[in-house]
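# Remarks on the overall topology
The residues making up each chain are set out below.
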Amino acid sequence: SHWKEQPMSVRPGILLLLSLVHAAGGAEGARVADADGLRHALSAAKAGTSILIAPGDYHGYFGAADLRGTEEQPIVIAAADASHPPVFRGAGECIHLTSVSHVILRDLVLTGAKYNGLNIDAGDEYASPSHHIILERLRVHDIGPEGNRDGIKLTWVDDLLVRDCTVERWGSGGSAIDMVGCRRGLVTGCVFRHTDSGASGVQVKGGSAGVVIHGCRFGAAGQRAIHLGGSTAPAATRPLDPPCEARRVIAIGNTIVGSMAAIA
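The numbers attached to residues start from 1 for each chain and follow its sequence in the written order. At least 70 in pLDDT is required for a residue's local features to be given in this predicted model, at least 80 for side-chain atom pairs to be given and counted, and no such filter applies to totals for whole chains, interfaces and linings, which use all residues. Hydrogens and water molecules were not included; the side-chain quantities draw on all heavy atoms of the structure.

## Describing the overall build of the protein chain
Helix and strand content of the protein chain: two helices and 25 strands. Throughout, exposure labels follow a simple rule: accessible area from a 1.4 Å probe, protein chains only, divided by the maximum for the residue type, with under 20% read as buried, over 50% as exposed, and the rest as partly exposed. Classification of the 264 residues of the protein chain by burial places 52% in the buried group. Here, two residues are considered to be in contact whenever any of their heavy atoms come within 4.5 Å of each other. Pairs at least 24 residues apart make up 76% of the contacts formed inside the protein chain by residues separated by at least 6 positions. Element-wise, carbon and sulfur atoms account for 54% of the exposed surface of the protein chain, whose accessible area totals about 11100 Å². Think of it this way: any DSSP run of H or I at least four residues long counts as a helix, any run of E at least two long counts as a strand, and we number them from the N terminus. In these tables, accessible area is a Shrake-Rupley quantity obtained with a 1.4 Å probe, and a residue counts as shielded only by the protein chains included in the view.

Here is the structure:
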């Protein structure tokens, strides 16, 4: 409804939201109720698979690679009952997805991971980033707690929507959301809470471009609530011409409370 009020530079992010949101509708699918059943469902998932996870605790690491949905048939990993979401209690990481496309994660709780709560990357296939990912109503909390530990780690991910998620108490030197080499992303309606430690809230770096951070609330989200740019190892930096850490990154309509720097 506010389309005409937005600057031209913001409109690509809104277009991304409109293009992805239709895929976020629910669908009946296979129900799982324990860790072994979930791991089997992840290994067997294909376009159109909907994995509905029963309430309860799911301990350990859950990983999957090469999950390939389509625009018409995304792969959905979601709570069977959104009012009683499953709780992933991770060891190193709660969930790690590599080289995936058209995947939706919805209504999950991730906690207790030593490194990252959720990690999505392109593996070694930097020429083929993960793409068309929706993260919706996730709650990620108490990750690390010491060191460079992220609530949500995204490396070389394109066409990304993070909506209505809450991230609290991640690592002392990490980020609530760390985006490295990500393109065409929208982070909207999220809440980030931490302390005034050396951490940051949302960091966009490593050759990222076309990212919008919109309508989020930051409560003492580390020393830098929003960190645009950074210092990324050359091997992990996605090429931009001319080279830089980030380009066309927009923060609009956010509320920032606390932190040594609201925006760095």
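## Digging into the nonpolar core
Core analysis: the largest hydrophobic core is formed by 57 residues, its most contacted members being Phe 88, Leu 105, Leu 135, Leu 154 and Phe 192. Leu 52, Ala 78, Val 212 and Ile 250 belong to the second-largest nonpolar core, a separate cluster that totals nine residues. Working definition of a nonpolar core: buried Ala, Val, Leu, Ile, Met, Phe, Trp, Tyr and Cys residues. They are joined through side-chain atoms within 4.5 Å.

## With respect to unusual backbone geometry
In this structure, Pro 145 follows Gly 144 across a cis peptide bond, with omega equal to 5 degrees. With an omega dihedral of 0 degrees, the bond running from Asp 241 to Pro 242 counts as a cis peptide bond. The backbone of Arg 169 sits at a positive phi, close to 55 degrees, despite the residue not being glycine.

## So, the confidence of the model for the protein chain
A residue-level look at the protein chain finds 88% of positions with pLDDT of 70 or above and a mean pLDDT of 90. This stretch, residues 22-26, has a pLDDT under 50; its non-local contacts, to residues over four places away or in other chains, come to ten contacts. The predictor attaches a confidence to each residue, and that confidence, scored 0 to 100, is pLDDT.

## Structural notes on the sheet that holds strand β22 (residues 224-228)
The strands that make up a sheet are held in pairs by hydrogen bonds between backbone atoms, and each pair lies either parallel or antiparallel. Overall, parallel pairing links the eight strands, which are arranged β4-β7-β10-β13-β16-β19-β22-β25 in an open sheet. Each having just a single partner strand, β4 (62-65) and β25 (261-263) make up the two edges of the open sheet. Taking the axes of each pair of neighbouring strands and ignoring which way they run, one obtains an average angle of 10 degrees across the sheet. Here, strands pair whenever DSSP counts at least two bridges between them. The sheet contact formed by strand β13 (residues 150-155) and strand β16 (residues 175-180) spans four bridges and is parallel. Bridge pairing links Lys 153 to Asp 178 in β16. The angle between two axes is taken between their N-to-C directions and runs from 0 to 180 degrees, where each axis is a line fitted to C-alpha atoms and a helix contributes only its stretch in contact.

## Describing the pattern of salt bridges
For this document, the term salt bridge refers to a Lys or Arg side-chain nitrogen within 4 Å of an Asp or Glu carboxyl oxygen. Tallying each qualifying case throughout the model produces 14 salt bridges. The closest approach of N and O atoms between Asp 150 and Lys 153, which form a salt bridge, is 3.9 Å. For the residue pair Asp 150 and Lys 153, the accessibility class agrees, reading buried in each case. We note a salt bridge from Arg 193 to Glu 168, for which the minimum N-O separation is 2.8 Å.

## Section: the pairing of β13
Burial within β13 is extensive, with six of its six residues counted as buried. Relative to β13, strand β10 (residues 116-121) runs parallel, the two being bridged by four bridges. Paired with Asn 119 across the two strands is Lys 153, which belongs to β13.

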